[in-house]
Amino acid sequence: MSISCRVVRLRVMSRRPFSIASDTGARGTPVLDQGKSGVMRRNCRNAACLPLAFVAAFAWCAIPCVAAEPARPLGFVNDVVPILTKASCNSGGCHAKAGNGQNGFRLSLLGFEPKEDYEHIVKEGHGRRVFPASPDQSLLLLKAANVVPHGGGKRLDPSSEGYKRLAQWISEGMSYGKETDPSLVSIEVQPKRNVIKIHAEQQLKVLAHYSDGRSRDVTRMALYEPNDKAMAETDENGVVKILDVPGNVAVMVRYQGMVSVYIASIPLGAPVVQVPAEKNFIDTLVFANLKQVGVPPSPVCDDATFLRRVSLDIAGHLPTVEEARAFLSSTDADKRDRLIESLLSSPDYADYFANKWAAVLRNKRDDTSDITSNFAFHSWVRDGLLANKPYDQMVRELLAATGTIADNPAVAWYKRVLEPQQQLEDVAQLFLGVRMQCAQCHHHPFERWSQKDYYSFGAFFSRVGRKPTATRGEDVIFHKRGMAQLENKKTKLPVLPAALGGPTLAIPQDEDPRLKLADWMSDKANPFFAKSLVNRYWKHFFKRGLVEPEDDIRETNPATNPELLDALANHFVASGYDLKAVVRVVTQSHTYQLSALPNAYNGVDRQNFSHYYPKRLQAEVMLDALDQLTGARTDFADLPPGTRAIALPDNSYNRSSPFLKVFGRPEGASVCECERVQSPSLAQSLHLMNAADVKAKLSTQGGRADLLSKSNKAESEKVRELYLAAYSREPSADELKVAEAYVAKARVDAQGKPLDPARAKREAYEDLLWAIINTKEYLYNH
């Protein structure tokens, strides 16, 4: 409680009257103020102007006029737990490790179960961890200060505020606190958002607000974590250091189970004089952001680049030579839009996106008995995409699926995802962009979701019934009549269904609770459903989502362009959850059509979409592209000859294809798209250069190299065909000259004897193909 004192005015035998004002402010330090009547300031250096009466008055005024509030004893929840969290004692890698903690001492993760922690510290082991008679000799402090050998090293210095407060708490009798003690309501970070230069620093201030209206500065006790460590770093005292990447970075601030976010807008500061014309709202919002952060965009790409890029992104294949020639020769102003519509109407679009969805929906073959269900489920997904079935309808059919696989292929999902806990986690992550896994055991450390939220959401799947059929491994899925509820494994009490952030629902026993869940998910006011989908699709086309990872949308991980994410979600809802409409509006935008070549300024940009971010071709797409370029064919068991890799129904073909395995085709074991390996590796490079299957494709009888070597066309025309087939563009003059010279070069065998001209030419074209497929221009969509 601050000490207050009235202004005291004394008339003394001096030439000037003066007054003394005491203002204790935040630190309780008296301040002398200069008034109109000659009040002296504390910093007055003239000793002669302080007569004895002044000194006496000051001494009198120093006595508080209002009694100070007695010091509040420290409590475990509000005072001790934050210290343990700050020191990482209750982190997952230390004493909150799953199981039994660390070396016999267990704490709850981040202090979410303070009563249990209090028992472990104060009462466990006959109270051996605390010694009130001599707090410094308490094992809790001896270990933390590393006076007694400690596996976690030194966590607290004896001179630190945390150490002293722990010692004080122990000396006061280790109070847990009272039920009437104020509880933490929220935390506030200051500033909430600002613009900050590259390489600058920002000191954050964190205030904790309590239920009694009191606020407390907890800056030194809070935890800080940037969502992009390539853009910013933080220290333990809340100082944010900006690195050299422009854009928006968020710093998550955590204190005692509460979270807040600081957002820094980091401008590059370059002049943005010219931007491409705006084709739709995507361009409006992206270009506005680029102007704000001072990152000039690259120009729109040329026709050849766009043709190859959009064909790979929508249909998963390279344009044919004939398609490339027709598109490049066309002078129609709307040819790009018409190309997009053509690709969306093709079966290849359905094949490609069915491949994407089948993997995250776990269409995984475990044994030979699964072949029927896997094929049926993949066909259900593909047919829905081909017919452009509304997304909310597809999700409803999946969640509420009943019957057998023969009657309703969507029930195959319940064959892969068996338990309510797994079902709720997959649904939340895949369709809502919310990762609920942490909340199964404790309060989510980065989110508002609690264990109650976790099991309430899982209760929607608690009445899924199964009955064996005559087919081995196949069940009938049905709604099992009864009250929808799921037991909270910690409290052992049943909880009723509740949508995330929604009220508890008492669903009649005859109604399938999954239908209620589907109703909530497709509601236009749902804050997760539409955003999750458009963010996932945005990443498909731009390499990174507006939120990264794409399935981790939360307040503490904000979008790099929140207005754009909202606009895309609203457009998706307004379209009636039309998936093709999302693809169309994205690919028609000039943002998508920007060149991948950076200008003098935007090469450092990684999140503002000032240029197209090149991405390596997916395993299936690359295998199909290799077949298409070389004229070879890859056959797969149980499928018609010529079936493309993007049309494979499940993961079982990975085992028979070294190419798919090396280049990271997912096994369908996870709902996360991160299972797909997109990063390059040495094994991939060696495979393209030396693998037997690649060599066989290059030398295929009747393949491209064989046919070109036998063709009577001019060599320049043959080289142009190669470039159109691989890159959808004509070769440059230098490329053409080098290629022609290489084909015309004389060749000898291992003994030095000249090769037959026909064989020499065939090998020359095989070498050209080999060189092309090992270029980044071929291996990447750019």
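Residues numbered from 1 in each chain as written. Predicted model: local features only at pLDDT ≥ 70, side-chain atom pairs only at ≥ 80, totals over all residues. Heavy atoms only, no water.

### Let's talk about the overall build of the chain
Okay, so step 1: A tally of helices and strands in the chain yields 28 helices and 18 strands.
Okay, so step 2: Out of the 782 residues belonging to the chain, those deemed buried represent 52%.
Okay, so step 3: Across the chain, the fraction of contacts at a sequence separation of at least 24, relative to all contacts at a separation of at least 6, is 63%.
Okay, so step 4: As presented, the chain carries roughly 36000 Å² of accessible surface, and 54% of it is formed by carbon and sulfur atoms. (Helix = DSSP H or I, 4+ residues; strand = E, 2+ residues; numbered from the N terminus. Buried < 20%, exposed > 50% of the residue type's maximum accessible area, 1.4 Å probe, protein only. Contact = heavy atoms within 4.5 Å. Areas by Shrake-Rupley, 256 points an atom, 1.4 Å probe, with all protein chains shown as cover.)

### A closer look at the nonpolar core
Okay, so step 1: The biggest cluster of nonpolar side chains holds 143 residues, and the ones touching the most others in it are Trp357, Tyr391, Phe431, Phe457, Met521 and Tyr778.
Okay, so step 2: Among the elements that line this core, the one with the most residues is helix 17 (residues 529–542), at eight residues.
Okay, so step 3: With sequence-adjacent residues up to four places away left out, Tyr391 is seen in contact with Trp357, Leu430, Phe431, Phe529, Leu533, Phe572, Tyr577 and Leu579.
Okay, so step 4: Among the nonpolar cores identified, the runner-up in size contains 49 residues, and Val218, Ala222, Tyr224 and Met231 belong to it. (Core = buried A, V, L, I, M, F, W, Y, C linked by side-chain atoms within 4.5 Å.)

### Section: helix 6 (residues 281–293)
Okay, so step 1: Its 13 residues place the ends of helix 6 19 Å apart at the C-alpha level, agreeing with the 18 Å of an ideal helix rising 1.5 Å per residue.
Okay, so step 2: For helix 6, the set of buried residues is Ile282, Asp283, Val286, Phe287, Asn289, Leu290 and Val293. In an axial view of helix 6, the angular spread of the buried residues amounts to 155 degrees, which keeps them on one side of the axis.
Okay, so step 3: Tucked into the core, helix 6 has its buried residues touching strand 11 (247–255), strand 12 (258–266), helix 17, helix 18 (562–574) and helix 19 (579–588). (Expected span 1.5 Å × (residues − 1). Arc of directions from axis to C-beta.)

### Remarks on the pattern of salt bridges
Any two side chains of opposite charge can pair, so long as their charged atoms come close to each other.
Okay, so step 1: Tallied over the full model, the rule gives 47 salt bridges.
Okay, so step 2: Among the ionic pairs, Arg554 bridges to Asp552, the shortest N-O distance being 3.0 Å. The residues Arg554 and Asp552 share a single accessibility class, namely buried.
Okay, so step 3: Among the salt bridges present, the one from Lys697 reaches Asp627, with a minimum N-O distance of 2.6 Å. One end of the pair, Lys697, is in helix 23 (residues 692–698); the other, Asp627, is in helix 20 (residues 619–630), and 70 residues separate them in sequence.
Okay, so step 4: For Lys697, a relative accessible area of 9% corresponds to the buried category. (Salt bridge = Lys/Arg side-chain N within 4 Å of Asp/Glu carboxyl O.)

### Points about the sheet that holds strand 6 (residues 205–210)
Okay, so step 1: Spatial strand order, 3-6-7: three strands in an open sheet with antiparallel pairing. Each edge of the open sheet is held by one strand with a lone partner, namely strand 3 (184–190) and strand 7 (215–217). Adjacent strand axes in the sheet meet at a mean angle of 25 degrees when their direction is disregarded.
Okay, so step 2: In this structure, strand 6 lies alongside strand 7, joined through three bridges in antiparallel fashion. Bridged to Ala208 within strand 7 is Arg216. (Pairing = 2+ DSSP bridges. Axes fitted to C-alpha atoms, helices over the stretch in contact; angles between N-to-C directions.)

### Some details on the state of the cysteines
Simply put, the disulfide is a covalent bond whose two ends are the sulfur atoms of two cysteines.
Okay, so step 1: For the structure shown, the criterion picks out one disulfide.
Okay, so step 2: Note on cysteine connectivity: Cys672 is disulfide-linked to Cys674, with sulfurs 2.3 Å apart. Between Cys672 and Cys674, the disulfide has an S-S torsion of 140 degrees and is therefore right-handed. (Disulfide = S-S within 2.5 Å.)

### Comments concerning a nonpolar patch on the surface
Okay, so step 1: Together, Leu682, Leu686, Met689 and Trp770 make up a nonpolar patch on the protein surface, roughly 370 Å² of accessible area in all.
Okay, so step 2: Take the nonpolar patch: its biggest share by element is three residues, from helix 22 (residues 682–690).
Okay, so step 3: Of the residues examined, Met689 reaches a relative accessible area of 32% and is grouped as partly exposed. (Patch = residues over 30% accessible without salt bridge, like charges linked within 9 Å, V, L, I, M, F, W, Y side chains within 5 Å.)

### Some details on helix 7 (residues 303–315)
Since the α-helix packs 3.6 residues into each turn, any two residues three or four apart lie on the same face.
Okay, so step 1: Here helix 7 is 13 residues long and its end C-alpha atoms lie 17 Å apart, about the 18 Å a rise of 1.5 Å per residue gives.
Okay, so step 2: In terms of residue burial, helix 7 counts as a mostly covered element, since 12 of its 13 residues are buried.
Okay, so step 3: By the burial criterion, the buried members of helix 7 are Ala304, Thr305, Phe306, Leu307, Arg308, Arg309, Val310, Ser311, Leu312, Asp313, Ile314 and Ala315.
Okay, so step 4: One side-chain oxygen of the residue at the start of helix 7 lies 3.3 Å from the amide nitrogen of Ala304, identifying that residue as Asp302.
Okay, so step 5: At the C-terminal side of helix 7, Gly316 shows a positive phi close to 70 degrees. (Polar contact = N/O pair within 3.5 Å; in protein donor to acceptor, adjacent residues only side chain to side chain.)

### A word on unusual backbone geometry
Okay, so step 1: Backbone torsion omega between Gln190 and Pro191 reads -5 degrees, so that peptide bond is classified as cis.
Okay, so step 2: Of the consecutive residues Glu548 and Pro549, the connecting peptide bond is found in the cis state with omega at -5 degrees.
Okay, so step 3: Mapped onto the elements, Pro549 comes out in the loop between helix 17 and helix 18.
Okay, so step 4: Unusually for a residue other than glycine, His199 sits at a positive phi of about 70 degrees.
Okay, so step 5: Turning to its location among the elements, His199 is positioned in the loop between strand 4 (193–195) and strand 5 (201–203).
Okay, so step 6: Positioned with a positive phi, Lys543 is a non-glycine residue whose angle comes to about 80 degrees.
Okay, so step 7: On the secondary structure map, Lys543 appears in the loop between helix 17 and helix 18.

### Section: the pairing of strand 11
Okay, so step 1: Within strand 11, nine of the nine residues are buried, which leaves the element mostly enclosed by the surrounding structure.
Okay, so step 2: Burial of the side chains of strand 11 extends over both faces: Gly247, Val249, Val251, Val253 and Tyr255 are buried on one face and Asn248, Ala250, Met252 and Arg254 on the other.
Okay, so step 3: Direction of pairing for strand 8 (residues 223–226) relative to strand 11: antiparallel, over a ladder of four bridges. In the strand pairing of strand 11, Pro226 is matched with Val251.
Okay, so step 4: When strand 11 meets strand 12, the two strands line up antiparallel, connected through nine bridges. Residue pairing across strands places Gly247 opposite Ile266, the latter belonging to strand 12.

### Description of the confidence of the model for the chain
Okay, so step 1: Looking at the chain as a whole, the pLDDT averages 85, with 89% of positions reaching at least 70.
Okay, so step 2: Considering each helix and strand of the chain separately, the mean pLDDT is smallest for strand 2 (residues 18–20), with a value of 34, and largest for helix 19, with 98.
Okay, so step 3: Residue range residues 1–70 is modelled with pLDDT below 50. Its contacts to residues more than four positions away, or to other chains, number 76 contacts. (pLDDT = per-residue confidence, 0-100.)

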